[in-house]
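Chain by chain, the residues run as shown.
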Amino acid sequence: MNTSKQYSAASVALVRALTLIALCSVGGCATTREGPVAGQEVAFFPSPVSLAASGEWSLTIQGRVFEPAEHSGGRQALITWAANTLAPAMAASPADAEQSARFRERAGYLLADSAGNTRVTVKVGEQLIPLPASNSAGYFTADIPLSDQQVSRLARAGRISFTTVPGSPGAPTFTGAAVVVPAEGLLVVSDVDDTIKVTDIVDRKQALKNTLLEPFAPVPGMPALYRSWQAALGPRIHFHIVSAGPWQLNAPLQRFVEEEGFPPFTWTMRSVDIGNPAAVVATLTSDPRGFKRQAIQALMTRFPRRHVLLVGDSGEHDPEVYADIVAEFGDRVDAVFIRNVTEQDCGSERYQRYQDFFADLRTTKLSVFRDPGELPPLTPESPGQALCPPRR
């Protein structure tokens, strides 16, 4: 090696070393751990397998590494304190035994110890795939390219399963699955709170009670509505949740939609480091519109040959987010259904932006409804007839 090349290599090494020192001094210098180890669990979240523009399939694997709250005496003490103080404050009357047990269960999901900077390796078929290390909330995600042949070989009943490789002797294994979504058809993008689940988000105290104390309750008529769409379109329809709620609550929400008979969903939720008070405050005070907009834009890009039906409610920002999506992908958005929980009907100023988009066409794709029974049937020929008349 000549002198100039030696000097160049030494300079690169010096820069890397100084960068590493700076990073360690600012944010700590943690070593990536291989997991899961004994005592840790991995929760995989339902995700899609989609056909990319390149002709390859993309398998999304997303999940969270954590240690359950019941493994920690300190966290159990915190949950007990919260159950004895916060739960009664939320209840209209002193919390009963069922409410207290429900609060402890859901608080346990929220307060489970996140395993950050932990790498999970999964086995897909015979292939071992190390995934990116988890973030501070324990969340990880990766897109794995697959060929047509691999998808055909691995898919069982429309799903591709995978299993964790233990990070240490004695550690358990965990299994997840992704749904194979055909390139064409209708994608239903749905919110959760006050769209399919009663939350009363406009009343913050009641929303906390419904989230932490009460049994999850479906919005009347919504399970039957989604099932009717599935029956009408069959394998051409796919349902995907986009919620600004934290991944920590995905397990009880999944159980809720299964018990209520909703069609299967794939999910997008927010990664929130509950153990970091600053991160929690930042999340609670941030505008969820940006998160939901970007998540839906990513879906539109991921499924370029699918038309989309957007379903939400007026409690927070769904109308505004969906208006942005219609503005960007108008020809692919077949309909926008908004459940009215704020007494704002089609003629309110809030919805004029939709009307402006389609005034020249003398039509609109917007329906604002109170009862799902107001919505017209969804058929292969008609993805949705709007209830809101166009402006003239």
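Structure: see above.
Quick caveat, the model's predicted, so the values are computed rather than measured.

Comments concerning the overall build of the protein chain
Assigned secondary structure in the protein chain consists of 11 helices and 16 strands. Scored against the burial criterion, the 392 residues of the protein chain give a buried share of 45%. Sequence separation of 24 or more characterises 71% of the internal contacts of the protein chain that already satisfy a separation of 6 or more. With an accessible surface of roughly 18,700 Å², the protein chain has 55% of that area assigned to carbon and sulfur atoms.

Overview of the pattern of salt bridges
Evaluation of the coordinates by the stated rule reveals 15 salt bridges. The partner of Glu126 in a salt bridge is Lys123, and the shortest N-O contact between them spans 3.9 Å. In this structure, Arg293 and Asp324 form a salt bridge, with 2.8 Å as the shortest nitrogen-oxygen distance. Separated by 31 residues along the polypeptide, Arg293 in helix 9 (residues 288-302) and Asp324 in helix 10 (residues 318-329) bring together distant segments of the chain. Among the residues examined, Arg293 registers a relative accessible area of 24% and is labelled partly exposed. Ionic contacts of the salt-bridge type, sharing partners, join the residues Asp191, Lys292 and Asp318 into one network.

Digging into the packing of helix 2 (residues 73-90) against helix 3 (residues 97-111)
Following both chains from N to C, one finds helix 2 and helix 3 inclined at 125°, their axes separated by 10 Å at the closest point. Here helix 2 lies oblique to helix 3, going by the angle between them. Crossing of helix 2 over helix 3 shows right-handed handedness. Of helix 3, the residues touching helix 2 (which contributes Arg75, Gln76, Leu78, Ile79, Thr80, Ala82, Ala83, Leu86, Ala87 and Met90) are Phe103, Arg104, Ala107, Gly108 and Leu111. By residue class, the composition of the contact of helix 2 with helix 3 is 10 nonpolar, 3 polar and 2 charged.

A short note on the pairing of strand 12 (residues 237-246)
Most of strand 12 is tucked away, with 9 of its 10 residues classed as buried. When strand 11 (residues 185-190) meets strand 12, the two strands line up parallel, connected through 5 bridges. Bridge pairing links Leu186 to Ile237 in strand 12. Of the pairings in the sheet, the one linking strand 12 to strand 13 (residues 265-270) comprises 5 bridges and is parallel in character. Residue pairing for strand 13: Ile241 is matched across the bridge by Trp267. Each parallel crossover has a hand, and for strand 12 linked through helix 7 (residues 250-259) to strand 13 it is right-handed.

Quick word on helix 9
Along an α-helix, residues three or four positions apart point the same way, because every turn accommodates 3.6 residues. For helix 9, with 15 residues, the first-to-last C-alpha span of 21 Å sits near the 21 Å given by 1.5 Å per residue. Among all positions in helix 9, only Pro288, Lys292, Ala295, Ile296, Leu299 and Met300 are buried. All buried residues of helix 9 fall inside an arc of 140° around its axis, so they share one side. With respect to the buried face of helix 9, the exposed residues turned more than 90 degrees away are Gln294 and Thr301.

A few points about helix 7
Taken together, the buried positions of helix 7 are occupied by Asn250, Pro252, Leu253, Gln254, Phe256 and Val257. Packing partners of the buried residues in helix 7 comprise strand 2 (41-45), helix 3, strand 12 and strand 13.

Overview of the pairing of strand 11
On a regular strand, one side chain projects to one face of the sheet and the next to the other, so that they alternate. For strand 11, the tally of buried residues reaches 6 of 6 residues, placing the bulk of the element in the interior. Direction of pairing for strand 11 relative to strand 14 (residues 306-313): parallel, over a ladder of 6 bridges. Bridge pairing in strand 14 links Leu186 to His307.

A short note on the sheet that holds strand 16 (residues 366-369)
Spatially, the 6 strands line up as an open sheet ordered 13-12-11-14-15-16, and their pairing is parallel. The open sheet has two free edges, formed respectively by strand 13 and strand 16, since each of these has just one partner strand. Strand after strand, the sheet turns through a mean of 20° between neighbouring axes, direction not considered. Pairing analysis gives 6 bridges linking strand 14 to strand 15 (residues 333-339), with the strands arranged parallel.

Cut-off values and rules
- Residues numbered from 1 in each chain as written.
- Predicted model: local features only at pLDDT ≥ 70, side-chain atom pairs only at ≥ 80, totals over all residues.
- Heavy atoms only, no water.
- Helix = DSSP H or I, 4+ residues; strand = E, 2+ residues; numbered from the N terminus.
- Buried < 20%, exposed > 50% of the residue type's maximum accessible area, 1.4 Å probe, protein only.
- Contact = heavy atoms within 4.5 Å.
- Areas by Shrake-Rupley, 256 points an atom, 1.4 Å probe, with all protein chains shown as cover.
- Salt bridge = Lys/Arg side-chain N within 4 Å of Asp/Glu carboxyl O.
- Axes fitted to C-alpha atoms, helices over the stretch in contact; angles between N-to-C directions.
- Parallel < 35°, antiparallel > 145°, perpendicular 65-115°, else oblique.
- Left-handed = near helix turned anticlockwise from the far one by under 90°.
- Nonpolar A, V, L, I, M, F, W, Y, C, P; charged D, E, K, R; others polar.
- Pairing = 2+ DSSP bridges.
- Right-handed = clockwise from strand over helix to strand, strands pointing away.
- Expected span 1.5 Å × (residues − 1).
- Arc of directions from axis to C-beta.

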